[in-house]
Amino acid sequence: MAALDGRTVIARSLKQQGIEQIFGVVGFPVYELAEMAQREGIEFYGFRNEQAASYAAGVAGYLTGRPGVCLTVSGPGMVHGIAGLSNAWANCWPMLLLGGAPDSYQREQGAFQEAPQLEAARPFVKLSTRPDSVARIPAYLEKAVRTALYGRPGAVYVDLPNDLLTGEIDESAVKWAARCPPPPRSCALPQDVTAALETLRGAQRPLVIVGKGAAYARAETEVQHFIEATQLPFLASPMGKGVVADDHALSVASARSRALQEADVIFLIGARLNWIMHFGMAPRFAPGVKIVQLDITPEEIGTNIPTEVALVGDAGAIMSQLNAALGTTPWKFSASSPWWRDLRASIADNEATVAGMLNDDSVPMGYYRVLREVRDAIPRDAIISSEGANTMDIGRSVLLNHSARHRLDAGTFGTMGVGIAFAIAAAAIYPRKKVVCVEGDSAFGFSGMEVETACRYKLPITFVVINNNGIGSGVSEMPEVVPPYAYTPNARYDQVIEAFGGKGYYVTNPDTLGPALREAMGSTVPSLVNVMINPRATRKPQKFAWLTR
Ligand code: ADP
Ligand code: MG
């Protein structure tokens, strides 16, 4: 039989494990590995920095339900990849980081790019490992995939020394591993299902919160069915948006603060009571609020406040149990309840406040007008990648999602610099979908060079840069001493994409924004609309500060 080297065994094993794309940067010692992966039928997306490549891999895990894979060179490249590992860790996304490493026999000798890679990855991963031989690479990669997917999804690091990559063995000696099946789906105990429904039935002011765990579980059909059957008001977390459409009649997104603050029973479906949900505590939540909590992770139950009923398992499986129980004993929350009356009043108030800002014709423009134009220009089923503090926060309410896993943003870790990478991953995975990346100028800068990656792979993403010349707020003209938050005023990010064959638009006026956006959306090459806004533009006044302290 023929001799096989480690690289070939890795490439074949990844294909065998259902990996369709690898995101990374090649160099010593993984140069040929990427080509071998291509030969096995895996698409390779070469980035300009491992940071962006690793973000792309993490979100690929979220979008596909198989681990996203990032390939890096040794030392500094692997260290850049920790950016994506930590982002996957915080968001509970399945991901593999494959890090090249120097030859094992040079370890502790000061080898080229030698670093404590296994240790560096460890705090962010479920497993940090290094195959012991070429023969057993398939088993290590199968375990890596299984560890990333089963239980709470997360990241895995696999170290690949040069001698393992280049080492050869006879094909008959390779211990091939079967493809890891999708995770087993576990249900809740029937008495807990009954208790959950009884707790919701007993509520005066119930609320459902849909998180990205429900989106990851692909539970959209079951969650929609439950919400419609019970007629309960619901809110989505930032990336839970779209599991049930944002424009659904039962959405209370426009009454978010009130809904959180006054609810007496909350059903959390795959969402954590962390900083994004203000820890579930007063003053943002009612003291004594009862929580019905559905999560795949037992340790998550009771975080920050005690749980009334715990439903531990897969969101899709457990929502089916709840729907089945409702089928035998139907129950609906009354549309004429005082709670719905209060929520509707808050929704109407809030929508009236925002309406003026959405239609404001002033020059320079504010965020709301720009985002309203973006909302009107994008297709209904666009995947929206969004980041940048105000752009993302305001965009969360103005830009609508109608399908699950169609909103990608800075997420649990609040990571800036993910937007372009997420858009590239989404466009690679869904070639027939429109992908739109809406971000601030500072967020754009973290990985701005990756527009070359989008152009090189002919991914017709539309980037919208909402440009206020700085972080948070900017300057109209640069003062003598450069303020820490300021960037070059009126920077021509639109010209950056043109350097690589993309199409750029520079917009300062609301009249030309809509036409520019529509032309950009229809472009066959990647496009970037650079929209100048008032450097002092802000979010509408909020009842609470964004960060609960
Ligand atoms: P969000 O940011 O939308 O609130 P989080 O990332 O904080 O979402 O929480 C998502 C939760 O979903 C995590 O606690 C995770 O354990 C859980 N989760 C992941 N996969 C599943 C699944 N298949 N079924 C149920 N829960 C899941
Ligand atoms: Mg800015």
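See above for the structure.
Quick look at the structure, then.

Criteria and thresholds
Residues numbered from 1 in each chain as written. Chains lettered and ligands numbered in written order. Predicted model: local features only at pLDDT ≥ 70, side-chain atom pairs only at ≥ 80, totals over all residues. Heavy atoms only, no water. Pairing = 2+ DSSP bridges. Helix = DSSP H or I, 4+ residues; strand = E, 2+ residues; numbered from the N terminus. Axes fitted to C-alpha atoms, helices over the stretch in contact; angles between N-to-C directions. Contact = heavy atoms within 4.5 Å. Left-handed = near helix turned anticlockwise from the far one by under 90°. Nonpolar A, V, L, I, M, F, W, Y, C, P; charged D, E, K, R; others polar. 1 Å grid on protein atoms, 1.4 Å probe; cavity = no way out; pocket = protein on both sides within 12 Å on 5 of 7 lines; lining within 4 Å. Points joined across faces, edges and corners; volume = space filled by probe spheres on them.

The strands making up a sheet are joined through hydrogen bonds of the backbone, oriented either antiparallel or parallel. The sheet built from five strands is open, its strands ordered S10-S9-S11-S12-S13 with parallel pairing. Edge positions in the sheet fall to strand S10 (234–236) and strand S13 (309–312), since each has one partner strand and no second. Neighbour to neighbour, the strand axes of the sheet diverge by 15 degrees on average, direction disregarded. Here three bridges tie strand S9 (residues 206–210) to S10, and the two strands are oriented parallel to one another. Residue pairing across strands places Ile209 opposite Leu235, the latter belonging to S10. Its contacts with the sheet place helix H8 (residues 190–201) against S9, strand S11 (265–269), strand S12 (290–295) and S13, and it is angled at close to 135 degrees to S13.

The next subject is the packing of helix H1 (residues 6–16) against helix H6 (residues 137–149). The contact between H1 and H6 brings their axes to 9 Å, and the two run at 35 degrees. Crossing hand, H1 versus H6: right-handed. From H1, Gly6, Val9, Ile10, Ser13 and Leu14 reach across to H6, where they touch Ile137, Pro138 and Leu141. For the contact of H1 with H6, the per-class residue count stands at six nonpolar, two polar and no charged.

With that settled, the discussion passes to the layout of surface pockets. With a probe scaled to a water molecule rolled over the atoms, the places where space remains empty come into view. In this structure, the second largest pocket encloses a volume near 840 Å³. Lining the second largest pocket are 44 residues, and of these Pro153, Lys212, Gly213, Tyr216 and Ala217 sit closest to its centre. Contributions of two or more residues to the lining of the second largest pocket are made by helix H3 (50–64), helix H9 (212–216) and S12. The residue makeup of the lining of the second largest pocket, split by class, is 21 nonpolar, 14 polar and nine charged.

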